[in-house]
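Analysis of the macromolecular model
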Amino acid sequence: MQRLSLRKVFFILFAAAHFVLKAEAAQTETGSDKLFGFSILESGSWVENGDFNNRLDLRLYAPFGLSLRGQLNSKYPAPPWDDFDEGINAPGAALYHKGTGSRLIYGRVETRGLLNRARNMWARSAPWFESHIISNADLRTSAGDMETAVFYMDLLTPAIGPFNAYFSAQSDKKINTVFTGGAGARLPFNSMFRFEAASAERMLDERKTDAWFSDNPYIPARKLKFYALSTVFSSPYFCFSGDFAHSEVFAWGMDIYANAALRFGAGPWRLSLAADGAGARFSGADGSIPGAGFRSAAKFEWEGRRNMLFRASSTLRSASWQSPFDRSASSLYFRFPVDKSNPFRVNRVTFAMERDARDWERITDELSLGAVFSAGPFRPQFDMRLDQHTASSVGGTIYPYPDYTVKHEFDSLKFSGGVSCAVFFVSLKGTVSYYLSGKNEPLISSSLSASVSGKAGRIGIKLSDDGKNGKPTYAVSWRFQKSF
C-alpha cells in the first residue's frame, strides 16, 4: 500500500479541523449532578519514514471519588500496515481515588520522587528543594516492552488533624519489589515536615559478552539491595530537604548517594543552595550505575510586578568530593514585565555558558544566547550557540569556568531563528537554523508547522527539512478528548 501523499495529509488536517470546531461547539463538561461520567482521549503522531504512535485512554468516573482508567499505547513503523508485525502494544489499567490520591495500577509505570532522584542523577538538574516531590507513580503514556510492566499500589490516608501518611508497593513478574512509605505533618506558621523511606530488592540480569577480550566482561545474575531516606521541611522563609541512599550489589560492592538543598526566601526573592555526591559503586534501585561524582549549585531568583522574573544559577561538578571542580554550567534568565500597550517588546532573554575540563588536552567551552520578542501578533525568537575548545599544560591550573583570556580553537556555531503567530484558531510557526562545524559545509535546516486547536482537541502538521536529504518530510500529530 502506498504512503500518504502530502495532499492527503492536508486533507486530513482540514477535515480534522472541521471536527474540532464542530465538537467544540457541541461539547459540554460532565455535570456535577451526574452519578457516572466517562471520558475518552485519543492522541498520537505519524512521522514520515519514522514511527506511528497512538494512545487511547478511557476513563470511567464513579461515585465516592473513584475512577477507572484503561489505556493502550501503540508504536509501529509508519505506515503501520507495511510492518504490522514489528509493532508493539502496551496496555495498562488503573483505579484511582480522588479524595486521597490512592491508586492501584498495572502496566508500564513512570515513577517520581525519591527513587528517581537517586537514579541517573548526573543526567538530571541539581537537586533543588522544589525537586524533592513526594514519591508516586502513574501509567506511562508511551509504548514499550511489557516485560517492564508492574503492579503498583499507592495508599494515602486522609488528613487526621495535622497528620497524614502514605505507603506504596511495586512488584513485577520476577517478584522484584519496591516499598515506599512516609508521613507528613502541618506545623504552625504555615510550615510542613515530611519523612519518607524506601527499600528495593531485585535480581539483576546477567551481562553476556560475545568476544574473548571484551571491555565489559561476563557478569552473572546478582542480587541488589537498595535503601533510601528523605526529609523535607518547608516554611515561608526557610526550606530544607535531603536524601540518603545506600546500595549493595553482590560481587560489586556497597556505596552511597546523598543530597541536600536549602532555600531562603522573603517576599519576592529566593536563594537556593544544593549539593549531591555518589560513590563509584553506588547503584540505583533499577540497577543502573550512575558513576562517582560530586556537584554543588546555587540559584538566585527575583520576582517583580507584571510577571517579571530574574534568575541566575551556577552548577559545579567534579569526579568526587575530594577532587577539584572541572565542569560547570551557568545561566542568566530575565523575563521582562508585561507591557501590552507596547506592540513591539522583548519578552525574555537567556545567556548560558558551560565548560568540560575533564580532559586537560581538550577543554570544551560553550556559550549560548537566546531571546524571545513580541511584534503585534507575531512572536519572533532567536538562539545562538558557540562551541570552542582549548588545552592546558601538564600540571597547569584548570578553571571550572570558561577562560577566554587564552586562545581557543573553533568547533561549531549554530544560529536558530523562528517566528510564530496565532490566526483565530490556527497556530503557525516557522523555524530556520544555520550550523557551521569545522571545515564542513554549512548545514541549513528549516521547519514549518500549523495546528488547529479547540476544546475538543488539537491536530497539527509539520514539514521539516534537515538540509541533508534535500526533501522535506512531514509529521502529523493529534489529540482529541471528549467527556460524557
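What comes next concerns the included structure.

About the criteria used
- Residues numbered from 1 in each chain as written.
- Predicted model: local features only at pLDDT ≥ 70, side-chain atom pairs only at ≥ 80, totals over all residues.
- Heavy atoms only, no water.
- Core = buried A, V, L, I, M, F, W, Y, C linked by side-chain atoms within 4.5 Å.
- Buried < 20%, exposed > 50% of the residue type's maximum accessible area, 1.4 Å probe, protein only.
- Helix = DSSP H or I, 4+ residues; strand = E, 2+ residues; numbered from the N terminus.
- Phe/Tyr/Trp six-rings, centres within 6.5 Å; stacked < 30°, edge-to-face > 60°.
- Lys NZ or Arg CZ within 6 Å of the ring centre and 35° of its normal.
- 1 Å grid on protein atoms, 1.4 Å probe; cavity = no way out; pocket = protein on both sides within 12 Å on 5 of 7 lines; lining within 4 Å.
- Points joined across faces, edges and corners; volume = space filled by probe spheres on them.
- Nonpolar A, V, L, I, M, F, W, Y, C, P; charged D, E, K, R; others polar.
- Patch = residues over 30% accessible without salt bridge, like charges linked within 9 Å, V, L, I, M, F, W, Y side chains within 5 Å.
- Areas by Shrake-Rupley, 256 points an atom, 1.4 Å probe, with all protein chains shown as cover.
- Salt bridge = Lys/Arg side-chain N within 4 Å of Asp/Glu carboxyl O.
- Pairing = 2+ DSSP bridges.

This brings us to the nonpolar core. As a rule of thumb, soluble globular proteins bury nonpolar side chains together. If you look at the biggest cluster of nonpolar residues, it comprises 15 residues, and the most contacted ones within it are Leu115, Ala118, Phe226, Ala228, Ala245, Tyr257 and Phe282. Secondary structure elements with two or more residues in this core: α2 (114-117), β11 (191-204) and β12 (222-234). Ranked by size, the runner-up nonpolar core spans eleven residues in total, among them Tyr76, Ala78, Ile459 and Phe480.

Moving on, we get to the packing of aromatic side chains. Taken as a whole, this structure holds 14 aromatic pairs when the rule is applied. Taking the centre distance of 6.4 Å and the plane angle of 45 degrees together, the rings of Phe233 and Phe238 count as tilted. On the accessibility criterion, Phe233 (25% relative accessible area) is partly exposed. An aromatic cluster is defined as three or more aromatic residues linked by ring pairs; in this entry it consists of Trp46, Phe52, Trp81 and Trp478. Positioned above the aromatic ring of Trp128, the side-chain terminus of Lys299 is 4.5 Å from the ring centre. The ring of Tyr333 carries Arg311 above its face, with NZ or CZ at 4.6 Å from the centroid.

Turning our eyes to something else, we now look at the layout of surface pockets. Empty space within the largest pocket amounts to approximately 660 Å³. Elements supplying a minimum of two residues to the lining of the largest pocket: β6 (109-112), β9 (163-172), β10 (177-187) and β11. Counting residues per element, the lining of the largest pocket draws most heavily on β11, at five residues. Residues belonging to the lining of the largest pocket are distributed by class as follows: eight nonpolar, six polar and twelve charged.

The grouping of Leu35, Phe36, Phe38, Leu60, Phe64, Leu66, Leu68, Leu95, Leu104 and Phe484 at the surface amounts to a nonpolar patch, some 1000 Å² of accessible area in total. With respect to the helices and strands, the residue Leu95 is situated in strand β4 (residues 88-97). The class for Leu95 is partly exposed, based on a relative accessible area of 38%.

The next thing to look at is the pattern of salt bridges. In this structure the tally under the stated criterion is 22 salt bridges. Measuring nitrogen to oxygen at the nearest pair gives 3.3 Å for the salt bridge that ties Asp205 to Lys174. Here the residue Asp205 occupies a position in the loop between β11 and β12, and Lys174 occupies one in the loop between β9 and β10, the gap between them amounting to 31 residues. Here Asp205 matches Lys174 in class, with each residue exposed. The partner of Arg270 in a salt bridge is Glu301, with the nearest N and O atoms 3.4 Å apart.

For the rest of this paragraph, the subject is empty space enclosed by the protein. A probe as big as a water molecule, rolled over the atoms, marks out the empty space that is left. Summed over the entire model, instances satisfying the criterion amount to three cavities of 30 Å³ or more. Its boundaries defined by the atoms lining it, the largest cavity holds a volume of some 110 Å³. With three residues, the top contributor of residues to the lining of the largest cavity is α2. Across the lining of the largest cavity, the residue classes tally to five nonpolar, eight polar and one charged. Approximately 40 Å³ is the volume attributed to the second largest cavity.

Inspection of the sheet shows strand β1 (residues 37-47) paired to strand β2 (residues 51-61) by ten bridges, in the antiparallel sense. By the bridge assignment for β2, Glu42 is matched with Leu56. Here nine bridges tie β1 to strand β26 (residues 473-483), and the two strands are oriented antiparallel to one another. When the bridges of β26 are listed, Ser43 appears paired with Arg479.

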